[in-house]
Amino acid sequence: DVKVTQSSRYLVKRTGEKVFLECVQDMDHENMFWYRQDPGLGLRLIYFSYDVKMKEKGDIPEGYSVSREKKERFSLILESASTNQTSMYLCASKPGQRNSPLHFGNGTRLTVT
Amino acid sequence: AQTVTQSQPEMSVQEAETVTLSCTYDTSESDYYLFWYKQPPSRQMILVIRQEAYKQQNATENRFSVNFQKAAKSFSLKISDSQLGDAAMYFCAYRRDSGYSTLTFGKGTMLLVSP
């Protein structure tokens, strides 16, 4: 089974802090994604990556950046956390085939105070 | 831009009964993929079922089946013989079949299952 591991299940940070959310997948998937999930808004795509060192903006990239130095790892960075970034963050990966489904991690619930 | 609409924020069903979750989408593409994902409370999101738009036959996975109406741009999920473990948030998602396309999700439907 594919395993997508997010480093933290719960995280509490202060406004202005730099925050790193880490995601690792063990199935050599080419594609990796970061989503944000909020009640009533569903899942919104922040950034995605189709290959090492490659990144593309999703629908809501403002306030975020990403890093993909190795194929298995995709990091989401909040340069200066703000309270409106309090949310559930979901990482996902998939193989390169178009009809392949996403495999999700367990999520990181981030609270910014 | 593609949009996915789930018009039912919450649905309820009794054990052993059948329930249908609605999903409509807006696209000008002819080739695309549709998915239903399930997110149980505090647990990982998993794929329930998927449908390729070029296939006329509706996808089925055990108790889960879809009613895919391409002309109407409708993709509903039917759960038969509902079980307590089916209680979850269900998300409908769309992806067009071209290049580096990404998934567009609906806002979700919370399914409650009562004994």
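Parameters at a glance
Residues numbered from 1 in each chain as written. Chains lettered and ligands numbered in written order. Predicted model: local features only at pLDDT ≥ 70, side-chain atom pairs only at ≥ 80, totals over all residues. Heavy atoms only, no water. Helix = DSSP H or I, 4+ residues; strand = E, 2+ residues; numbered from the N terminus. Rg over C-alpha atoms; globule rule 2.2 N^0.38 Å. Contact = heavy atoms within 4.5 Å. Areas by Shrake-Rupley, 256 points an atom, 1.4 Å probe, with all protein chains shown as cover. Lys, Arg positive; Asp, Glu negative; His and termini not counted. Charge placed at Lys NZ, Arg CZ, Asp CG, Glu CD. Core = buried A, V, L, I, M, F, W, Y, C linked by side-chain atoms within 4.5 Å. Buried < 20%, exposed > 50% of the residue type's maximum accessible area, 1.4 Å probe, protein only. Phe/Tyr/Trp six-rings, centres within 6.5 Å; stacked < 30°, edge-to-face > 60°. Disulfide = S-S within 2.5 Å. Buried area = accessible area lost by both parts, 1.4 Å probe. Salt bridge = Lys/Arg side-chain N within 4 Å of Asp/Glu carboxyl O. Nonpolar A, V, L, I, M, F, W, Y, C, P; charged D, E, K, R; others polar.

Student: Give a description of the overall build of chain B that names residues and reports values.
Tutor: Helices and strands together make up the secondary structure of chain B, namely 0 helices and 12 strands. Going residue by residue from the N terminus, the α and β elements of chain B occur as β-β-β-β-β-β-β-β-β-β-β-β. Radius of gyration (C-alpha) of chain B: 14 Å, near the 13 Å computed for a compact globule of 115 residues. Taken over the C-alpha atoms alone, chain B extends approximately 45 × 30 × 20 Å along its principal axes. Of the contacts formed within chain B by residues at least 6 apart in sequence, a portion of 55% connects residues at least 24 apart. A total of about 5,800 Å² of accessible surface is found on chain B, and carbon and sulfur atoms cover 44% of it. Placing the 11 positive and 11 negative side-chain charges of chain B at their respective mean positions leaves the two points 5 Å apart.

Student: Could you give an account of the nonpolar core, naming the residues involved and the relevant values?
Tutor: Residues and elements named next belong to chain B. Of all hydrophobic cores here, the largest spans 25 residues; its most connected members are Y25, W36, F75, L77, Y90 and L111. Taken together, the elements giving at least two residues each to this core come down to β3 (19-21), β5 (32-39), β6 (46-52), β8 (64-69), β9 (74-79), β10 (88-96) and β12 (109-114). For this core, the element with the highest residue contribution is β10, accounting for 4 residues. Not counting chain neighbours up to four residues away, the residues in contact with Y90 comprise Q6, L21, W36, Y37, K38, V48, F64, L77, I79, G108, T109 and L111.

Student: Describe the packing of aromatic side chains, naming the residues involved and giving the relevant values.
Tutor: Using the criterion set out here, one finds 17 aromatic pairs over all chains in the structure. With 5.6 Å between their ring centres and 85 degrees between their planes, F104(A) and Y37(B) make a pair best called edge-to-face. Note that F104(A) is positioned in strand β11 (residues 103-104) and Y37(B) in strand β5, a pairing that runs across two chains. Residue F104(A) is classed as buried on the basis of its relative accessible area of 2%. Given a relative accessible area of 0%, Y37(B) falls into the buried group. Summarising the aromatic geometry, the rings of Y25(B) and Y94(B) are spaced 6.0 Å apart at their centres and angled 25 degrees between planes, so their arrangement reads as stacked. In this pair, Y25(B) is assigned in strand β4 (residues 24-26) and Y94(B) in strand β10, connecting sequence segments 69 residues apart. With a relative accessible area of 5%, Y25(B) lands in the buried category. Overall, Y94(B) belongs to the buried group, its relative accessible area being 1%.

Student: Account for the state of the cysteines, naming residues and giving values.
Tutor: Residues and elements named next belong to chain A. Scanning all chains against the criterion turns up 2 disulfides over all chains. Each sulfur of the disulfide joining C23 and C91 lies 1.9 Å from the other. Between C23 and C91, the disulfide has an S-S torsion of -80 degrees and is therefore left-handed. Taken as a pair, C23 in strand β4 (residues 23-25) and C91 in strand β10 (residues 87-94) lie far apart in primary sequence, 68 residues in all.

Student: Outline the interface of chain A and chain B, listing residues and values.
Tutor: With 22 residues of chain A at the interface, the matching set in chain B holds 23 residues. When the area that chain A buries against chain B is broken down by residue, the three leading residues are R98(A), N99(A) and F104(A), summing to 31%. Between the two partners, chain A and chain B, sit 0 salt bridges. When residues of the side of chain A that touches chain B are assigned to their parent elements, the largest contribution, 4 residues, is made by strand β6 (residues 42-49) of chain A. Considering only residue class, the side of chain A that touches chain B consists of 12 nonpolar, 7 polar and 3 charged.

This is a description of form; function is not addressed.
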